[in-house]
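As a plain string of letters, each chain reads:
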Amino acid sequence: MADITNASDVAVSAGGLGKTIAAAIIQFNKAAVIPQCITMAPAVQGSNTVQFPVYSKVATSAVTEESTGTEGTEVDATAITTAATNVEVLRNHINAKVTDLAVYGNQDALLVNAGQVLGNAVAAKMDKDIMARFDAFATSKGTSTEGMKFLDLMDALASLEANDAPRPYHAVLHPQQVYGSFGLSNEFGSSAVNQSNAAFNGLAGSGGVADQFIGAGFVTSIAGINIYTSPNVPDGGDATEKKGAVFAKTALGAGFIDFGGGNFIELKSERNELGAQTNIVCNAYYGHPELVDLHGVEIHTEIS
């Protein structure tokens, strides 16, 4: 007998049932923030493990300067050391069972929209899984008892530069680390609020960060750091704290199965004639190691 647990029938899929409706309003998670910020590597056909070779730096002290007339001197060779970071790609999946009657009775594209909702949920889970690694970075800036400050970004930037992390840098922060009474938006005030430094006070009209915040309501870059927000950024000690991060692409990686064009999400459907329904299955196969620890900095701040 077919499994009919949680079938999307006319009892639950009533949003567009038997009525003339407007365009469907689909509630999506904010997703696919992380892939553009890390090192993505597809698993080749015939393997389910991706290896990331990480090269150690060679110090400038290993370079020998010869004096006049000694250019033919031979010195000991310098060892080029690498570490292999391996990750197995594992299945992450979700499915929905949509009955024919629910499809027929809804004027919106129920099957198409259902597939989009499932794919979005899988993409959001990938973000959440990889963001959970922020807490493992050895370097942390900010504090659990203070709001987000411009200085926190600068401290993170200084740490990345000091450890030769290659640009570009990305900041992935919780929305309340950027906006609200404990966010970076406090830096526009004329005085310190929740430990802000009023770093952007008086800069409106200068065509910079202040104008982006005030005019557009968001900012794409601060001090050369690309700014992203996601509600999937993990909690600190409790829900009043968040642990975002500033990092280079070399800090974190993800091995994945590429379903075409770099797409890590696969959407399939099958008919269940006995149950008069279509089964929609969404898969993603990935694993996510830390690569170079000092190329990432955790940003731990209070949000409420």
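Provided above is the structure to which this section pertains.
Residues numbered from 1 in each chain as written. Predicted model: local features only at pLDDT ≥ 70, side-chain atom pairs only at ≥ 80, totals over all residues. Heavy atoms only, no water.

In this section: the pairing of strand β9 (residues 225–229). Taking every second residue as pointing to the same face, the buried face of β9 carries Ile 225, Ile 227 and Thr 229, while none of Asn 226 and Tyr 228 on the other face is buried. Taken together, the two bridges between strand β8 (residues 221–222) and β9 define a ladder with antiparallel strand orientation. Bridge assignment links Ile 222 to a residue of β9, and that residue is Ile 225. What sits between the antiparallel neighbours β8 and β9 is a turn of two residues, in which Ala 223 has the positive phi angle 55°. (Buried < 20%, exposed > 50% of the residue type's maximum accessible area, 1.4 Å probe, protein only. Helix = DSSP H or I, 4+ residues; strand = E, 2+ residues; numbered from the N terminus. Pairing = 2+ DSSP bridges.)

Sheet architecture is open: six strands sit in the order β6-β14-β10-β7-β9-β8, paired in mixed fashion. Of all the strands in the sheet, just β6 (139–141) and β8 have a single pairing partner and so form its edges. Lying over the sheet, helix α3 (residues 150–162) contacts β6, β7 (169–173), β8, β9, β10 (241–248) and β14 (296–302), oriented at roughly 165° with respect to β14. (Contact = heavy atoms within 4.5 Å. Axes fitted to C-alpha atoms, helices over the stretch in contact; angles between N-to-C directions.)

Our focus in this paragraph is unusual backbone geometry. The peptide bond linking Arg 167 to Pro 168 adopts the cis configuration, its omega dihedral lying at 5°. Counting through the fold element by element, Pro 168 comes out in the loop between α3 and β7. Residue Asp 164 is not a glycine yet carries a positive backbone phi of 60°. Following the sequence through the fold, Asp 164 ends up in the loop between α3 and β7. Positive phi is not limited to glycine here, since Ala 223 has a value of about 55°. Of note, Ala 223 is situated in the loop between β8 and β9.

With that settled, the discussion passes to the pairing of strand β13 (residues 277–287). Most of β13 is tucked away: nine of the eleven residues are buried. Pairing analysis gives two bridges linking strand β11 (residues 253–256) to β13, with the strands arranged antiparallel. The residue of β13 that forms the bridge with Phe 256 is Tyr 286. Alignment of strand β12 (residues 266–272) against β13, held across seven bridges, turns out to be antiparallel. Each bridged residue has a counterpart across the sheet, and for Glu 270 the counterpart in β13 is Asn 279. In textbook terms, the turn of a hairpin is the stretch between consecutive antiparallel strands, and for β12 and β13 this stretch comprises four residues, one of which, Ala 276, has a positive phi near 50°.

Take the pattern of salt bridges next. Evaluated as defined, the whole model comprises nine salt bridges. Among the ionic pairs, Arg 271 bridges to Asp 100, the shortest N-O distance being 2.8 Å. Within this pair, whereas Arg 271 is found in strand β12, its partner Asp 100 is found in helix α1 (residues 100–105), the two being separated by 171 residues in sequence. As a salt-bridge pair, Glu 146 and Lys 149 come within 3.0 Å of each other at their nearest N and O atoms. (Salt bridge = Lys/Arg side-chain N within 4 Å of Asp/Glu carboxyl O.)

What the rule picks out here adds up to three aromatic pairs. A centroid spacing of 5.5 Å and a plane angle of 45° characterise the contact between Phe 134 and Phe 247, whose relative ring orientation is tilted. Taken together, the positions of Phe 134 in the loop between α2 (110–131) and β6 and Phe 247 in strand β10 put the pair 113 residues apart, joining distant regions of the chain. Assigned by exposure class, Phe 134 and Phe 247 land together as buried. Geometrically, the ring pair formed by Phe 259 and Tyr 285 is tilted, given 6.3 Å between the ring centres and 50° between the ring planes. (Phe/Tyr/Trp six-rings, centres within 6.5 Å; stacked < 30°, edge-to-face > 60°.)

The analysis is restricted to geometry; functional conclusions fall outside its scope.
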